[in-house]
Amino acid sequence: MPTYILGIESSCDDTSASVLKDNIVLSNIIANQQVHKDFGGVVPELASRAHQQNIIPVIDKAIKNANINKSDLSAIAFTRGPGLLGSLLVGTSFAKALSLGLNIPLIEVNHLKAHILAHFVIQPGKEKPLPEFPFLCLTVSGGHTQIVMVKGFSEMEIIGQTIDDAAGEAFDKSAKIMGLEYPGGPMIDKYAKEGNPDAFSFAKTNIPGLDFSFSGLKTSFLYFLRDNLKKDPLFIQNNLANLCASMQSAIVNTLMIKLKLASQQTGITEIAIAGGVSANSGLRKAISDMHETAGWKVHIPEFQFTTDNAAMIAVAGYYKFLEGNFAQQSVTPYSRGGI
Ligand code: KG4
Ligand code: ZN
């Protein structure tokens, strides 16, 4: 008997629902919230309201596109945290109500574990080798930057993480300083393609061990622009591609230095990347180059599974379903917390 899992993701500004048949994705619907663009970042209260508007149509569409009835569902998996509490509450409450109404198990999922387990979502006709345990995963998103030793579907250990900004924040804040639209990561990626990564260099903070720090880079970028804008008020417009390429290269290099160190220290060469920043073309290239130069077995997610999506929540839920690891109706979301 196949298992049908409905996954619900509402931790930040994307409302998403997905249906999986075992670990095969049947549907993955994502409603992006445009309401935050004018504010240059996610406004939590607006995000919760938009989730409330989106959640029913998104779930309805996910079930319809999967070509099943809701009575076919075996369990409901939802993001419990970390994320914005108001946003998480919408998905959590909906998941609880639906599991109660359908009388099927409820499964709580950690958003960061789910980003990693996105590698185990199977797309019909696009099968590729799955990561083998143990592997290292560089999880890079708007809120987190971690190197995780993944020993099993539920056994994961953070061996390095940022002590200040996340990699996605470094992208978004640099973009904001240059007056680019939110979220700035994809914009920097776009302009970087036309620029020279060695055009400018910014001071990077290299802290010992496997932890990261991005706040020094951001400050150095801010001062660099401030000084140059004094001399040329059109400095940003005239150098946009080179600025984006140089910033992207600085962030990617910082990530790669620690990832290489983690691989050396653990002896693990099975390496994955996950999270929104894993959509970045510079990072994707740097990782695939490591396959050629150092023999790493690399796992790069498909674009639709890099940023927030519910297929990753459903697949994480599927593996918990197999373990019979269910949540109670009294479960509440959490805003912070590791893996
Ligand atoms: O995983 P995600 O969708 O949400 C969180 O859990 O945070 O990640 C969003 C982050 C944002 O900071 C966004 O700018 C960044 O991922 N991002 C990118 C790219 N696409 C998304 N950063 C750099 N290059 C990209 N192509
Ligand atoms: Zn995320």
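Coordinates for the structure precede this section.
What you see is a predicted model; the values in this text were computed from it and never measured. (Residues numbered from 1 in each chain as written. Chains lettered and ligands numbered in written order. Predicted model: local features only at pLDDT ≥ 70, side-chain atom pairs only at ≥ 80, totals over all residues. Heavy atoms only, no water.)

Draft legend 1. Quick peek at the site of ligand 1. Taken together, 19 residues are adjacent to ligand 1, and Gly142, Asp172, Asp189, Gly276 and Asn280 come closest. Contact between ligand 1 and Gly185: an oxygen atom at 3.2 Å from a main-chain N or O atom of the residue. Within the backbone of Gly276, one N or O atom sits 3.0 Å away from an oxygen atom of ligand 1. Contact with the protein chains covers 88% of the free accessible surface of ligand 1, which is 550 Å². When residues of the shell around ligand 1 are traced back to their parent elements, those giving at least two are helix 3 (111–117), helix 4 (167–177) and helix 5 (184–192). When its residues are assigned to classes, the shell around ligand 1 shows five nonpolar, eleven polar and three charged. (Near = heavy atom within 4 Å. Polar contact = N/O pair within 3.5 Å; in protein donor to acceptor, adjacent residues only side chain to side chain. Areas by Shrake-Rupley, 256 points an atom, 1.4 Å probe, with all protein chains shown as cover. Helix = DSSP H or I, 4+ residues; strand = E, 2+ residues; numbered from the N terminus. Nonpolar A, V, L, I, M, F, W, Y, C, P; charged D, E, K, R; others polar.)

Draft legend 2. Structural view of the sheet that holds strand 9 (residues 270–274). A sheet is described by the order of its strands in space; here five strands give the open sequence 8-7-6-9-10, paired in mixed fashion. Sheet topology places strand 8 (156–161) and strand 10 (297–299) at the edges, where each strand pairs with a single neighbour. Averaged over all pairs of adjacent strands, the angle between their axes in this sheet comes to 25°, without regard to strand direction. Relative to strand 7 (residues 145–150), strand 6 (residues 135–140) runs antiparallel, the two sharing six bridges. Within the sheet, the bridge partner assigned to Leu138 lies in strand 7 and is Ile147. (Pairing = 2+ DSSP bridges. Axes fitted to C-alpha atoms, helices over the stretch in contact; angles between N-to-C directions.)

Draft legend 3. Region of interest: the nonpolar core. Residues Leu138, Met178, Leu243, Ile251, Leu255 and Leu283 are the most contacted members of the largest nonpolar core, which totals 45 residues. Taken together, the elements giving at least two residues each to this core come down to strand 6, strand 7, helix 4, helix 5, helix 6 (215–231), helix 7 (235–266), strand 9 and helix 8 (281–294). Among the elements that line this core, the one with the most residues is helix 7, at 14 residues. The contact partners of Leu138, leaving out residues within four places of it in the chain, are Gln146, Ile147, Phe212, Leu255, Leu259, Ala272, Ile273, Ala274 and Leu283. (Core = buried A, V, L, I, M, F, W, Y, C linked by side-chain atoms within 4.5 Å. Buried < 20%, exposed > 50% of the residue type's maximum accessible area, 1.4 Å probe, protein only. Contact = heavy atoms within 4.5 Å.)

Draft legend 4. Looking closely at the sheet that holds strand 3 (residues 24–32). On the basis of which strands lie adjacent, the open sheet formed by five strands has the order 3-2-1-4-5 and mixed pairing. Of all the strands in the sheet, the pair left with one neighbour each is strand 3 and strand 5 (106–110). For this sheet, the mean angle separating the axes of adjacent strands, direction not counted, is 20°. Where strand 4 (residues 75–81) lies against strand 5, five bridges are found, and the strand directions are parallel. Looking at strand 5, one finds that Ile76 is bridged to Leu106. Along the sheet, helix 1 (residues 44–65) makes contact with strand 1 (4–9), strand 2 (14–21) and strand 3, crossing strand 2 at roughly 20°. Each of strand 1, strand 4 and strand 5 touches helix 2 (residues 85–102); the most contacted strand, strand 4, lies at about 160° to it.

Don't take any of this as a statement about function, it's just geometry.
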